[in-house]
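Residues per chain are reported as follows:
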Amino acid sequence: MLDRIVNAQHQIDDACKQLDRPVTIMEVCGTHTVAIFRSGIRSILPASVKLLSGPGCPVCVTDQGYIDAVLELTQRDDCLIATYGDMIRVPGRHGSLETLASKADVRVVLSSEDALQLAKDNPGKTVVFIAVGFETTAPATAVAVKEAAGQDVENFCILSGHKLVIPAMRALLSGMNDRIDAFLCPGHVSVIIGFGAFGEIVDEFRRPCVVGGFEPVQIIEALAEICRQLASGQVQLKSIYSAVVTEKGNTAAQTIVAEVFEPVDGYWRGLGKIPASTLALRERYRRFDAFERFGLADQPGQDDSGCRCGEVLCGLIDPPQCVLFARQCTPQHPIGPCMVSSEGTCAAWFKYGRRD
Amino acid sequence: MCLAIPARIVELEADKAVVDAMGNRFKAKTTLLPQARLGDVVLVHAGFAISLVDEEEAKKTWELFAEIESFEKTPNKLSG
Ligand code: SF4
């Protein structure tokens, strides 16, 4: 194991000498962000290698407008809001789900299935499932919607904020952040979409895309592969997480997502409106759409808290460059979502990175 | 919340499974992984098995997960 790490480290050193310029690698997965910090990999990389955390945390990329729509629902006494735990503390203009749950009932669930069960158990209320997450999570929502349709659970609906990673990578490379030389691609998203899906980024933007696991040795080997590709000029698509990820991904999951959802233009925190980047329910399942049912708009929101999560998510600044970081904004009193979520970049810097 | 946990299928009836991760047992569905069988180690995310995992990989991820979970137990986090 140690020799693999040392070997990878040598490859990175050699490649960097050959390149003789700074190299910027972005990871687009919150679990990678935490794994990289935890492993201390940053401290053994040459100074010329810069690791950036991109829009890889689903709660963080959720636009303020969506958060406001969720918070609007808390003012209704006929709703029961079912949400993954991470969402509950994201601040809106007047508070968070946790503090605003005055009329509506707010329950933390671990699965879309639990939300559907809540609807069956509470026929007098409408259960709104706060459906956020990337390609990894969307299939679970799709299954619940299909089941609701099949079993006529009409008091169930979802507020879909599901996001797609590849359109966001395209948006970054199309002008938002052209410093990015390569991507460490998200492992669990790749389980669903298959590593082949990143081929379009490699072909069109000539950036290495390497899917890696979450162990320190897997991460450093992925980084070594990226540096080697950059030095040799042979840009490629590669997965070194072969124990879990296949080229085609989980086709059963892809099929059910395609049946239930269609990609539409959507708003991201920091990245703005990205074409075909958000999953909305198809016509056939529209009656389960909470936006329609409650007349909510999916529009860009305003955040005037001074939080710079948007720039953090695009890799334009590191969290300590935000004046609120570790002063007004801490995990106990988060000002922005990147500090709320355990996968958030600001939270990871707060916990592991302040001495970096 | 993007976390996926490897877990072994210890009970399976149609698409309803009980899985075991490091001694913790919980329910998961195999709707998205119809090829999953009793005894398989699968990656579970948001209550669904999403892929098969080999034992070696599972062990490594269990170790990482133990650490992230302890991170999540700090007061700033409600489980998700
Ligand atoms: S430190 Fe806090 S306020 Fe600053 S960008 Fe991060 S989450 Fe936002």
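See the structure shown above.
Lay out the sheet that holds strand 1 (residues 23–27) of chain A with the relevant residues and their values.
Paired through backbone hydrogen bonds, the strands of a sheet run either parallel or antiparallel to each other. Residues and elements named next belong to chain A. Strand order in the open sheet formed by 5 strands is 2-1-7-8-9, with parallel pairing between adjacent strands. Either end of the sheet is taken by a strand with one partner, and the two such strands are strand 2 (49–53) and strand 9 (237–239). In this sheet, neighbouring strand axes are inclined to one another by 20 degrees on average, regardless of whether the strands run parallel or antiparallel. Two strands pair when backbone bridges link them, and strand 8 (residues 209–211) and strand 9 are joined in this way by 3 bridges, in the parallel orientation. Residue Cys209 lies in a different strand from strand 9, and its bridge partner there is Leu237.

Go over the packing of aromatic side chains, please, and point to the residues and values.
All names here are of chain A. Inspection of every chain in the model, using the stated rule, returns 7 aromatic pairs over all chains. The interplanar angle of 75 degrees and the centroid separation of 5.4 Å between the aromatic rings of Tyr84 and Phe129 together place this pair among those described as edge-to-face. Highlighted residues: Tyr84 in the loop between strand 3 (79–83) and helix 5 (97–100) and Phe129 in strand 5 (residues 126–131), separated in sequence by 45 residues. The exposure class assigned to Tyr84 is buried, which follows from its relative accessible area of 1%. Overall, the relative accessible area of 0% leaves Phe129 in the buried class. Arranged with centres 6.3 Å apart and planes meeting at 75 degrees, the rings of Phe325 and Phe350 form a pair that is edge-to-face. Of the two residues, Phe325 is situated in the loop between helix 14 (309–313) and helix 15 (337–340) and Phe350 in helix 16 (residues 345–353); the sequence distance between them amounts to 25 residues. An identical accessibility class is assigned to Phe325 and Phe350; each is buried. Linked through ring pairs, Phe37, Trp349 and Tyr352 together constitute an aromatic cluster.

Explain the packing of helix 6 (residues 112–121) of chain A against helix 7 (residues 138–150) of chain A to me, and be specific about the residues and the numbers.
Residue and element names in this part refer to chain A. Across the interface, helix 6 lies against helix 7 with an axial gap of 8 Å and an inter-helix angle of 25 degrees. Classified by the interaxial angle, the pair formed by helix 6 and helix 7 is roughly parallel. Once helix 6 is placed against helix 7, the crossing between them reads as right-handed. On the side of helix 6, the interface is formed by Ser112, Glu113 and Leu116, while helix 7 contributes Ala140, Thr141, Val143, Ala144, Glu147 and Ala148. Across the contact of helix 6 with helix 7, the residue classes break down as 5 nonpolar, 2 polar and 2 charged.

So, the nonpolar core: which residues are in play, and what are the values?
Residue and element names in this part refer to chain A. Counting 137 residues, the largest nonpolar core has Val128, Phe129, Ile130, Phe156, Leu159, Met169 and Phe183 as the members making the most contacts within it. At 8 residues, helix 7 tops the list of elements feeding residues into this core. A domain split of this core shows at least three residues from each of domain 1 (1–307) and domain 2 (309–353). If near-sequence neighbours (up to four positions away) are discounted, Ile130 is found in contact with Tyr66, Val70, Ile81, Ala82, Thr83, Tyr84, Met87 and Leu159. Within the second largest apolar cluster, 24 residues are counted, among which are Val23, Leu45, Ala182 and Ile226.

Give me the state of the cysteines: which residues, what numbers.
Residues and elements named next belong to chain A. Tallied over the entire structure, the rule returns 1 disulfide over all chains. Of the cysteine sulfurs around Cys209, a residue in no disulfide, the closest is that of Cys185, at 4.0 Å. What makes Cys209 buried here is its relative accessible area of 0%. Not engaged in a disulfide, the cysteine Cys314 finds its nearest cysteine sulfur in Cys338; these two sulfurs lie 10 Å apart.

Requested: an account of the sheet that holds strand 5 of chain A, with residues and values cited.
Residue and element names in this part refer to chain A. Strand order in this open sheet of 4 strands is 4-3-5-6, and the pairing throughout is parallel. Where the open sheet ends on each side, the last strands, each with one partner, are strand 4 (105–108) and strand 6 (156–160). Strand-to-strand twist in this sheet, taken as the mean axis angle between neighbours without regard to direction, amounts to 25 degrees. For strand 3 and strand 5, the ladder comprises 5 bridges, and the chain directions are parallel. Pairing of Cys79 across the sheet is with Thr126, part of strand 5.

Which residues make up the environment of Val145(A), and what are the values?
Residue and element names in this part refer to chain A. Along the chain, Val145 turns up in helix 7. Sequence separation of Val145 and Phe37 is 108 residues, and the distance between their C-alpha atoms is 37 Å. With residues up to four places along the chain from it excluded, the contact list for Val145 reads Phe156, Ile158, Val260, Leu281, Tyr285 and Phe288.

Procedures and definitions
- Residues numbered from 1 in each chain as written.
- Chains lettered and ligands numbered in written order.
- Predicted model: local features only at pLDDT ≥ 70, side-chain atom pairs only at ≥ 80, totals over all residues.
- Heavy atoms only, no water.
- Pairing = 2+ DSSP bridges.
- Helix = DSSP H or I, 4+ residues; strand = E, 2+ residues; numbered from the N terminus.
- Axes fitted to C-alpha atoms, helices over the stretch in contact; angles between N-to-C directions.
- Phe/Tyr/Trp six-rings, centres within 6.5 Å; stacked < 30°, edge-to-face > 60°.
- Buried < 20%, exposed > 50% of the residue type's maximum accessible area, 1.4 Å probe, protein only.
- Parallel < 35°, antiparallel > 145°, perpendicular 65-115°, else oblique.
- Left-handed = near helix turned anticlockwise from the far one by under 90°.
- Contact = heavy atoms within 4.5 Å.
- Nonpolar A, V, L, I, M, F, W, Y, C, P; charged D, E, K, R; others polar.
- Core = buried A, V, L, I, M, F, W, Y, C linked by side-chain atoms within 4.5 Å.
- Domains from an automatic or database assignment.
- Disulfide = S-S within 2.5 Å.

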